[in-house]
Amino acid sequence: MKPEFWLERWQNNEIGFHQTEINVHLQDYWMHLRVPAGGVVFVPLCGRTRDMTWLRAQGHKVLGVEISPIAVRDFYAENRLKAQTKTQPPFDRWEADGVTLLRGDLFDLSAGDLKDVVAVYDRASLIAFPADMRQRYVRKLAAILPPHVGTLLVAMDYPQGEMPGPPFSVSEREVRDLYEPNNRVELLHTRDILDENPRFRARGLTQLVEKVFYIRPNG
Ligand SMILES: C[S@@+](CC[C@H](N)C(=O)[O-])C[C@H]1O[C@@H](n2cnc3c(N)ncnc32)[C@H](O)[C@@H]1O
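**Observations concerning the overall build of the chain**
What the chain contains, in helices and strands, is seven helices and nine strands. Its C-alpha atoms give the chain a radius of gyration of 17 Å, near enough to 17 Å, the size a compact globule of 219 residues would have. If one aligns the C-alpha atoms of the chain with their principal axes, the spans along those axes are about 45 × 45 × 30 Å. Scored against the burial criterion, the 219 residues of the chain give a buried share of 34%. Counting contacts in the chain only where the partners sit at least 6 residues apart, residues at least 24 apart contribute 67% of the total.

See the structure below:
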């Protein structure tokens, strides 16, 4: 998926992935990660998710990266936050009330950008990428995240032949192949959510299983 694809989605307001409510799995399982309050939580491919405001309300600082300027602008506007902005190539840096969003390409991040991160929240980020980019994404984050940073991952699994992504189908097997052996992968939750998601049934799916994982580095 090229950045232009996503920029166009935001321009055309085709953002079916955006949730108006705080993600229920974040609320149910975040405690598993035992993230110290005040620690920086990294939200890759953050869109304008309200989950960032929930994380902030838990006392965390939030660092997101997002390619779309519309998403970044709308996040602060929706939360009535007046952001300070500065251009720090390759990113535009927006900041207000403990939420920093880097407007730019995740693949341009460096270890310095993530040096204070203590945990990662990935909802609809890994699954936004096709298979070859998923590998690149996982390798990239492993290369630049500080050691011992755990991830709460919300993914979807469905018969990939029934619908082109995104979101792409990512099985438990693939999650394990991507993250093990450097991490321990724990499946926290699994449930078929097709009945609550008629838009995916309309796109041809006969099954849509949401899976939540806790991924923590070994050692
Ligand atoms: C499926 S959405 C998920 C957004 C968010 N995680 C949520 O739960 O609402 C994927 C987001 O990633 C952004 N994106 C895609 N590729 C990107 C990249 N290479 N770097 C930064 N953001 C990217 C898109 O603009 C889009 O907002």
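**Things to note about the nonpolar core**
Of all hydrophobic cores here, the largest spans 52 residues; its most connected members are Val41, Leu153 and Ala155. Per-element accounting of this core gives the leading share, five residues, to strand β7 (residues 150-157).

**Some details on the site of the ligand**
Neighbouring the ligand are 22 residues; Trp6, Leu45, Gly47, Ile67 and Leu106 lie closest to it. Of all elements in the fold, only α1 (3-11) and β2 (61-66) reach the threshold of two or more residues within the shell around the ligand. The element that contributes the greatest number of residues to the shell around the ligand is α1, accounting for three residues. Looking at the shell around the ligand residue by residue, the classes come out as 14 nonpolar, five polar and three charged.

**Comments concerning the environment of aspartate 116**
With respect to the element layout, aspartate 116 can be found in the loop between β5 (99-103) and β6 (117-123). In sequence terms aspartate 116 and threonine 206 are 90 residues apart; their C-alpha atoms lie 42 Å from each other.

**Quick word on the sheet that holds β6**
Reading across the sheet, the nine strands line up as β3-β4-β5-β2-β1-β6-β7-β9-β8 and stay open at both edges, with mixed pairing between neighbours. The sheet is open, and its two edges are formed by β3 (84-88) and β8 (183-192), each paired on a single side. The average angle at which neighbouring strand axes cross in this sheet is 20°, direction not considered. Pairing geometry for β3 and strand β4 (residues 91-96), over five bridges, is antiparallel. Within β4, the position partnered with threonine 85 by the bridge is tryptophan 94. Helix α6 (residues 172-179) rests against β7, β8 and β9 (209-217) of the sheet, and its axis sits at about 160° to β8.

**Re the environment of leucine 26**
Checked against the element boundaries, leucine 26 lands in helix α2 (residues 24-29). Of the residues examined, leucine 26 has 19 C-beta atoms within 10 Å and is grouped as partly exposed. In the structure, leucine 26 is positioned 25 residues away from aspartate 51 in sequence and 7.7 Å away in space, judged by C-alpha atoms. In this structure leucine 26 touches Asp51, Trp54, Tyr121, Arg123 and Leu152, once residues within four positions along its chain are discounted.

**Observations regarding the pairing of β6**
Across the seven residues of β6, five count as buried, placing the element largely inside the fold. Two strands pair when backbone bridges link them, and strand β1 (residues 40-44) and β6 are joined in this way by three bridges, in the parallel orientation. Its bridge partner lying in β6, valine 41 is registered against alanine 119. The sheet contact formed by β6 and β7 spans five bridges and is parallel. Bridge assignment links aspartate 122 to a residue of β7, and that residue is leucine 153.

Conventions used here
- Residues numbered from 1 in each chain as written.
- Predicted model: local features only at pLDDT ≥ 70, side-chain atom pairs only at ≥ 80, totals over all residues.
- Helix = DSSP H or I, 4+ residues; strand = E, 2+ residues; numbered from the N terminus.
- Rg over C-alpha atoms; globule rule 2.2 N^0.38 Å.
- Buried ≥ 20, exposed ≤ 12 C-beta atoms within 10 Å, placed from the backbone.
- Contact = placed C-beta atoms within 7 Å.
- Core = buried A, V, L, I, M, F, W, Y, C linked by C-beta atoms within 7 Å.
- Near = placed C-beta within 6 Å.
- Nonpolar A, V, L, I, M, F, W, Y, C, P; charged D, E, K, R; others polar.
- Pairing = 2+ DSSP bridges.
- Axes fitted to C-alpha atoms, helices over the stretch in contact; angles between N-to-C directions.

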